[in-house]
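# Working through the structure, step by step
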Amino acid sequence: MKTSNNSPADNEVAENDTPNALISDNDLLKFFNLERENVQDFSITRRKDGMYVNITLNKTWVQCPVCGHMTSRVKDYTDKKITHSVLSITNCYIIYHARRYECPHCKKTFYENNPFTFGGRLSVATVFNVLRDLKAPNATFTDVARRYGISATSVINIFDKHVHISRRQLPECLALDEVYAFKSHDSDYVCVIMDYLDKKIVDVLPSRRKYNLLNYFMLIPLEERKKVKYVSFDMWETYRIIVKHVFPDACCITDHFHVIQELTRRVDRVRIRVQNRFRKTINTLKPKKNNKTITSEELIELEEASRYYYVLKKFNWYLLQPTKKY
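In this numbering scheme, every chain counts its residues from 1 along its sequence in written order. Reporting in this predicted model follows two pLDDT cut-offs: at least 70 for local features of residues, and 80 or more for side-chain atom pairs to be given and counted; totals over whole chains, interfaces and linings ignore these cut-offs and use all residues. Side-chain calculation: all heavy atoms of the structure are included, whereas hydrogens and water are not.

## Quick look at the pairing of strand S11 (residues 189-195)
Keep this limit in mind: The classification of residues rests on relative accessible area computed with a 1.4 Å probe and restricted to protein chains. Under 20% of the type maximum is buried, over 50% is exposed, and intermediate values are partly exposed. Working definition: helices are DSSP H or I runs of at least four residues, strands are E runs of at least two. Numbering for both runs from the N terminus. In short, DSSP must find at least two bridges between two strands for them to pair.
For S11, the tally of buried residues reaches five of seven residues, placing the bulk of the element in the interior. Across seven bridges, strand S10 (residues 173-180) lies against S11 in antiparallel orientation. Following the sheet pairing, glutamate 178 is matched in S11 by cysteine 191. Note: S11 against strand S12 (residues 201-205), four bridges, orientation antiparallel. Within S12, the position partnered with cysteine 191 by the bridge is leucine 205. Between S11 and S12, which pair antiparallel in sequence order, lie five residues; one of them, lysine 199, sits at a positive phi of approximately 60°.

If you want it as structure tokens, here you go:
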């Protein structure tokens, strides 16, 4: 094993402070899930912010993922910093010298297999430790993130990617709604399925599109879907179509908030249509620069249209006021 000992000016300290002489090379390689015959270069450097492990794997013959030809031609190397949170006393990072191969047949380039991560900048061991600690009932994302020297967002992403919680049984009263999902790859909104009575989430779907909802509900046995008697949702047409297809014994219910919202919109459209009619009358009867005269009948009609237009324009809120009780 090679170790690097640089000067303190380089923000590094000597590695002789730890009893590495008692640890064999093979033990250290197993610590990083490696075998000796697969490693070309392996060195450890200690710095003030943690321990850095430089690793280069052996060059081998690999298959091109595009055309399938075998090649061992190396184009270049790229250093990838991987967080390897397995030490409790200090931070640990892997500086992986990733080799990029070039296919002589199709000229495509690709990286060698990465044995340290599932993809990204966190090692397999870090992901495993995070998931293990999150099993504790009192564990929080922030505490686990602080323990392994990563961000709380990274812990949340690990949980969302690797933990798949099974759905609850469909209740008698079901509620469908959507919330904005700024990180969803399938849609801008996710669909939330909820028990209307006990207010507990049944499941969360990555999309509210008709195709995705139909595929999801059709995989549920018909006997379970027949137990649903009421489905509450907003006035989006897709929900109504899905409910009619997958819940044969269910009654569609629209909550009063969206009913009032739709009624308000329709009343406002009627108000604007009538208001525009009065505005057209005003524009027709209003004296132009070339026309200085206007009949008395037209003047009365112009004043009446102006008055109605002003009321509809400035006092539109009055149409939505509740009826006063006398």
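After presenting the structure, the write-up continues.
## Details of helix H9 (residues 296-314)
Using the following cut-off: Helix span is expected to be 1.5 Å times the residue number reduced by one. It is the directions from the helix axis to the C-beta atoms that the arc portrays. Residues are treated as being in contact if the distance between any of their heavy atoms lies within 4.5 Å.
Compared with the 27 Å implied by 1.5 Å per residue over 19 residues, the 27 Å span of H9 between its first and last C-alpha is a close match. By the burial criterion, the buried members of H9 are Leu302, Ala305, Tyr309 and Leu312. Down the axis of H9, the smallest arc covering the buried residues is 100°, so these residues share one side. Contacts made by the buried residues of H9 are with helix H8 (256-285).

## Observations regarding the side chain of threonine 83
Among the structural elements, threonine 83 can be located in strand S7 (residues 74-83). By relative accessible area, threonine 83 is classed as buried at 15%. With residues up to four places along the chain from it excluded, the contact list for threonine 83 reads Cys92, Tyr93, Arg121, Leu122, Ser123, Thr126 and Ile150.

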